[in-house]
Amino acid sequence: MTIDRNDAWVSLLELFRAALEENGEHDMAIQVPFVGEVHDYRGETFDNKRIQLFSLVAHLLNMVEIKRSVDERRSLESPDMREVEGLFAHNIKLLLEEGFTEEDIVNLLPTLRIEPVLTAHPTEAKRATVLEHHREVFLDFKTLLESNLSATERCDMEARLKRDLYKLWHTGEIFIEKPDVPSERRNVLYYFTEVFPEVLPVLDRRLKHAFEANGLDADRLMRASAYPRYRFGNWVGGDRDGHPLVTAEITHETLMLFRLYAFVVVRRKLLYLVKTLSFKLSLENAPDGLRKRVADLVASLGRAGEAALERNKGEAFRQFAGLILDKLPLNTERGHSTTLRDRASDYRFREELIDDLRILQEALLAYGAKAVAYEDIHDVLRLLESFGFHLAELDVRQNSMFHDKAIAQLLDAADMNGTEFLEWDFDQRKQFILKELKTLRPFAGLKQNLAPEAKTVTEAHAVLEDFIRKFGSQGLGSLIVSMTRSSTDLLSVYLLAREVGLLVKGEEGIVCQLPVVPLFETIDDLAAAPDILDDFLSHPITKNTIRCQQRLRGDRYPVQQVMVGYSDSNKDGGIVSSQWRLHRGQHDLAEIGEKHGVTIRFFHGKGGSISRGGGPTKDFIRALPPNALRGDIRLTEQGESIEQKYANRVNAVYNLELLMAGTLGKTLASTKADQAAHPLAESLEWMSATSLSAYRDLIETESFMEFYRQATPIDAIESGRIGSRPARRTGATSLSDLRAIPWVFSWSQCRFTMTSWYGLGTTLERMKQEKPEEYAAIRTATAKDSFVSYLMRIVATGLSFSDIEIMRQYSCLVKNATLKQRIMDKFENERSRTVQHLAELFGVSVDAPMFQLDARRQTLLAPLHRKQIDLLSRWREQKNYGYGNKEEEMLLSLLLTINAISGVMGYTG
C-alpha cells in the first residue's frame, strides 16, 4: 500500500485497518472511522475498545495535520525563507523594511532571552508510554512520506508502521493509577535530554540562513558572539502550591537528577569531539595555550590524566577533548553514565568547562579548522550556555496563605504569638516585617520541632541553600509566591528565607540568594499589582538582591521577574476581563519597573487552551504592550502543549524559533512604538467591566454550581488519574478552591467552552447600542490593532469548539428542570450574541468556517459525547444508590471518553 500524499490521513487509517486485519481483529477493522464498513456507533456495542479506537484515529489526524503544516512551511521556505510568517527570516525582513539596520539587529540579538518552563499540571491525559509510541508512529509516517525508498524498502517501512500502530492500539491510553511526581519528572526529562539539546544547533543555523536570505553578513553572528540566549525552566519537583507530594526530598532528588542528566548530555557532545577531532598534530607543535592547559589537566587528573594522554597520540585535539571528558563528575559503567562523582579534580561549575572549550576553539582556529571551531565547538559552547550543569532552572512556588501559616508557626516556636500575626492588617504586618528584616536572626533553630507549614517551607528552603553552597545558584530559578495580594506577601518570603541562611550579607548588603517573584492571578490582584510591585521594589533587600542577581547571572541590566496568571484570572473574570487586565497590568508594571530602573521580565503562566492563555505564538507576542517585552520572556508550557509543540524535533525547532523570532521583532519594533497605554484603553476598560459583570452574573446565579457539577463531567475528572496534583487546593467544594485547569477541562468536555467566550456577546451588544462610535472603533481595530485582533480571534477559536446541540444534551443531566432551563437560556443567548457580533466585526456570516469545528472532528466526537453522557448518568446512579459493583468499571470507561474527547479536540484544560 502506498501512502497518498494528497490524503495521507486516509492512507494512514487504511494501514491501521490492515494491521488489525492481519492480526485477526476483523470486527474492529470494519469499525475504523472513515475507512471501515460500520458507520453507526451506538448503544452497548460502543464499548471501551471502540472509544479507544476513536481516540487513536483522532491522534493520527493530529499527526497528519502536524506533518501537513511542516510541509507547507517547507514549501514556502524553498523559494524564499522570508515568506514564512513569524520566523527569523520574515521578522528580519520586516525590521529592515521598517528602517532598522544590520547593526541594530546584531547589537540586540545577544541580549535576547527566551525561557520555556515545563510544568506537570494535570492537562496531559496520555501516559508517557503512549507518547513514546506516538513519536515512533510519527517518525515512521514521516519517513514513508519524505524518503525516496525502493519498493522493497517501502514495503518494509509500511510493515514497521503497521507494527507500531498495532503496539499503540494495544497500549492502555490512560493512567490506571494516579501518576506520581517521579513519573512526571521522567516525562519532562525526555524533552530536556533528547529534544532541546538537539534543536539548538538547528536554531542557530536557521538564524544564520535568515541573515543570508536578507542579504546580511551571517559570519558576523559568530564574530560578534551575537547569538540569542535559550534557557529552559522546570516546575516538576519544585511547584508545591497545593501539592503535598512535592516534598523537600523530591526537590533535592530533582535537582541532583537534573544535574546528573546535564552531564549525560554534555558527555554525549564531548564524546563526539573525541571521535571526530582526528587532525594530525603532535602536542609539541600545538599552540602554547593548548599545550600548557594539557599539562595542567594531566597534573590535576593524576593517573587518569596520564592514561587519557596515552590515547590518540599525535592527535592533540582529541587528546585535549579526552582530558576534559575525564573531568566530568560522572561515574560510568560499560560506557554509560550512572551516578554523579565528587572528585576534587572534576569540574564543579560550567564556566570551568567553557574556558577549556574556548582554548580548544582558539587552537583549532590557529590550526586553520575554522568550520570545526565555529560549528562543532560552537555547538558545545551553546549547549553549556543554555543547559549548564543543571539542564533547567527549578522554580519553587508556594501559596501566600501557606506562607502566612508558616510564619505564624515560626513565631509560635519563638514564643512570639503567631495568632496575632494572622489577625493583623496590612500596616501592622508590614511594620513588623520591616523591623524584622533589619537583622539576620532567625525565629527558630533548624533542628527545632516545627508545625507542618513551617516545617514544609523551611525544609524546602534548606535544600535550596545546600545546593547553592555546593554548586552555586545556577540550576535554581526563583521563589514564586502564588496568589500575591500585597507587598507583605513578598517581603514575608525574606523572613522565611532567613530561617535557613538564604538571606545573607553580601557585597550589596543584605540579599536573598534567590529572587522572590510575585504571581498575580485574580482580576483584583492584577489591578493592584503595580502598587504592590512599587512597594516591593522600594525595599532595600529587593534592591540589593536585584543588583546581586545581575552580577551573578551576568545580565546586562537589572531584572525583576513578575509572573502573570492567565488561568485563574480567566476563571475569576472571564476571557475579556482577563485578557485586558493582563494587557493593562503588564503595561503598568513595566512602567513601575522603569521608575525603579529595573527591566521587568514577564513570566506568562499560560496553558494550552484559549481560556488559559493559549493562542498562536506570533500573535500573542505581537499583542503584548510595547513596553512589556524588552528581549526577555518566560512562559509555561503545560500538559498536552508540551507534546504538541516539542514531541518531534521539527516541531520543536519551529515553536522555539517562533518564540525567539517574535521576541526579536517585537523588542526592536517597540523602540519606535508609542509607549503610552493602548489607544482604545478607555473603551477596553469599559468592555472589561461589562464583560466581568456578565460573567459574574452567570457564575453567581443561584445554584449555578449545582448545574455545573451535573452538566459537566467534573466529578469524573476529579476522580481521574491524570496528574499527581489534586484538583482542588484545599479540598473544599467551592468554585474558588477548584483549580482553573479542571474548571476549563470540564467545560470543554461537554462543549460549552464558556471560559473562552462568555461575556463578550453581552458586552458588544451593549456597546453597539450605547456607544456606537466606540463599537465602530473596535470593528476597525479588529482588523488593524494587534491586541484587539488577537482577543477577537482567540474568542472565535474558542467558540468553534462549542456546540449548542451537544451542550443541550449534557444539560439534560441536570435534575432540576427549572435550573437547567434558566442556565441554558443564559448560555444559548450569550453564544448567539457572541457569534453574531464577531461575524459583524470580522465581516463574515454567522455560518463562517471560523466558528465551526472541522467536520472530521465533529464526526469523531458525536458518538463519544453520547457515550460519555450515558456513562455519567449511570455512574452517578451507581454512586448515589450504592447498588452493584460496576462503579470502578464505569469510571474507567468515563476516563477513556475524557481522554478520547480531549484527543479529538486537541486540548484538555
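**Comments concerning the overall build of the chain**
Stage number 1. Summing up its helical and strand segments, the chain has 37 helices and 13 strands in all.
Stage number 2. Taken against the 2.2 N^0.38 rule, which gives 29 Å for 909 residues, the C-alpha radius of gyration of the chain at 29 Å falls within 12% of a compact globule.
Stage number 3. Counting only C-alpha atoms and orienting by the principal axes, one finds that the chain spans roughly 90 × 80 × 65 Å.
Stage number 4. The buried share of the chain, reckoned over its 909 residues, is 61%.
Stage number 5. Restricting the contact set of the chain to residue pairs at least 6 apart, pairs at least 24 apart contribute 80%.
Stage number 6. Roughly 34,900 Å² of accessible area belongs to the chain as shown, and the carbon and sulfur atoms make up 49% of that amount.
Stage number 7. Separation of charge centres in the chain, based on 117 positive and 130 negative side chains, amounts to 3 Å.

**Quick notes on the pattern of salt bridges**
Stage number 1. Applying the stated rule across the entire model yields 76 salt bridges.
Stage number 2. Note that D71 and K67 form a salt bridge whose closest N and O atoms lie 2.5 Å from each other. Of this pair, D71 and K67 both sit in helix α3 (residues 48-77), four residues apart, roughly one helical turn.
Stage number 3. It is possible to trace a salt-bridge network through shared partners that takes in E136, D140, R160, D164 and K167.

**Some words on the packing of aromatic side chains**
Stage number 1. Scanning the entire structure with this criterion turns up 34 aromatic pairs.
Stage number 2. Seen from their ring centres, F196 and F232 are 4.4 Å apart, and the 20° between their planes marks the pair as stacked. One end of the pair, F196, is in helix α8 (residues 181-213); the other, F232, is in the loop between β2 (229-230) and β3 (233-234), with 36 residues separating them in the sequence.
Stage number 3. Residue class for F232 comes out buried when judged on its relative accessible area of 1%.
Stage number 4. For the ring pair W743 and W747, a centre distance of 5.7 Å and an interplane angle of 90° mean the geometry is edge-to-face. Pair noted here: W743 and W747 are both in helix α30 (residues 740-749), with a separation of four residues, about one helical turn. As far as the burial class goes, W743 and W747 line up, both buried.
Stage number 5. Linked through ring pairs, F704, F707, Y708, W743, W747, F752, W757, Y758 and F827 together constitute an aromatic cluster.
Stage number 6. The ring centre of F100 lies 4.2 Å from the NZ or CZ of K672, which sits over that ring.
Stage number 7. Over the face of the ring belonging to W875 we find K879, whose NZ or CZ atom lies 3.9 Å from the ring centre.

**Structural notes on the pairing of strand β6 (residues 393-399)**
Stage number 1. Of all the seven residues making up β6, seven are buried; the element is thus mostly covered by neighbouring parts of the structure.
Stage number 2. Here β6 shows a buried face lined by E393, D395, R397 and N399 and a second buried face lined by L394, V396 and Q398.
Stage number 3. Sheet topology places β3 next to β6; two bridges connect them, and they run parallel. Residue pairing in the sheet places G233 in a bridge with E393 of β6.

**Details of helix α19 (residues 452-471)**
Stage number 1. The end-to-end C-alpha distance of α19 is 29 Å, a good match for the 28 Å that 20 residues give at a rise of 1.5 Å each.
Stage number 2. Every buried residue belonging to α19 is among E453, A454, V457, T458, A460, H461, V463, L464, E465, F467, I468 and F471, and all of these are buried.
Stage number 3. On its buried face, α19 sits against α10 (248-276), β6, α16 (400-413), β7 (476-482) and α20 (487-498).
Stage number 4. One or two positions beyond α19, positive phi appears at G472, with a value near 85°.

**Overview of the packing of helix α11 (residues 288-301) against helix α14 (residues 350-367)**
Stage number 1. Here α11 crosses α14 at 145°, and the two axes come no closer than 9 Å. Where α11 crosses over α14, the two elements pack in a sense that is left-handed. Each of G289, L290, R293 and L297 in α11 lies in contact with α14, whose residues at this interface are D356, I359, L360 and A363.

**Topic: helix α27 (residues 681-699)**
Stage number 1. The end-to-end C-alpha distance of α27, which contains 19 residues, comes to 26 Å, matching closely the 27 Å that a straight helix rising 1.5 Å per residue would cover.
Stage number 2. Along α27, the positions that sit buried rather than exposed are S683, L684, W686, M687, S688, T690, S691, L692, A694, Y695, L698 and I699.

**Quick notes on the nonpolar core**
Stage number 1. Counting residues in hydrophobic clusters, the biggest one holds 277 residues, and the most contacted among them are L357, W743 and F827.
Stage number 2. Looking at this core, the element that brings in the most residues is α8, giving 13 residues.
Stage number 3. When residues no more than four places from it in sequence are discounted, the contact partners of W743 are K571, Y695, I699, F704, Y708, L735, L738, M754 and T755.

**Observations concerning the environment of V264**
Stage number 1. Position of V264 relative to the elements: it lies in helix α10.
Stage number 2. In this structure, the C-alpha to C-alpha distance between V264 and A454, residues 190 residues apart in sequence, is 36 Å.
Stage number 3. In this view, V264 contacts L330 and S337; residues no more than four positions away in its chain are not counted.

**Looking at the pairing of strand β11 (residues 559-565)**
Stage number 1. Within β11, seven of the seven residues are buried, which leaves the element mostly enclosed by the surrounding structure.
Stage number 2. Neither face of β11 is exposed, since V559, Q561, M563 and G565 on one face and Q560, V562 and V564 on the opposite face are all buried.
Stage number 3. Bridge count for strand β10 (residues 516-520) against β11 is two bridges, and the pairing is parallel. Directly across from F520, in β11, lies its bridge partner V564.
Stage number 4. Across seven bridges, β11 lies against strand β12 (residues 599-605) in parallel orientation. When the sheet's bridge partners are listed, V564 is paired in β12 with H604.
Stage number 5. One crossover worth recording links β11 to the parallel β12 by way of helix α23 (residues 566-595), and it is right-handed.

**Observations regarding the state of the cysteines**
Stage number 1. Applying the stated rule across the entire model yields zero disulfides.
Stage number 2. In this structure C750 is not part of a disulfide, and its nearest cysteine sulfur, from C812, lies 12 Å away.

Parameters at a glance
- Residues numbered from 1 in each chain as written.
- Predicted model: local features only at pLDDT ≥ 70, side-chain atom pairs only at ≥ 80, totals over all residues.
- Heavy atoms only, no water.
- Helix = DSSP H or I, 4+ residues; strand = E, 2+ residues; numbered from the N terminus.
- Rg over C-alpha atoms; globule rule 2.2 N^0.38 Å.
- Buried < 20%, exposed > 50% of the residue type's maximum accessible area, 1.4 Å probe, protein only.
- Contact = heavy atoms within 4.5 Å.
- Areas by Shrake-Rupley, 256 points an atom, 1.4 Å probe, with all protein chains shown as cover.
- Lys, Arg positive; Asp, Glu negative; His and termini not counted.
- Charge placed at Lys NZ, Arg CZ, Asp CG, Glu CD.
- Salt bridge = Lys/Arg side-chain N within 4 Å of Asp/Glu carboxyl O.
- Phe/Tyr/Trp six-rings, centres within 6.5 Å; stacked < 30°, edge-to-face > 60°.
- Lys NZ or Arg CZ within 6 Å of the ring centre and 35° of its normal.
- Pairing = 2+ DSSP bridges.
- Expected span 1.5 Å × (residues − 1).
- Axes fitted to C-alpha atoms, helices over the stretch in contact; angles between N-to-C directions.
- Left-handed = near helix turned anticlockwise from the far one by under 90°.
- Core = buried A, V, L, I, M, F, W, Y, C linked by side-chain atoms within 4.5 Å.
- Right-handed = clockwise from strand over helix to strand, strands pointing away.
- Disulfide = S-S within 2.5 Å.

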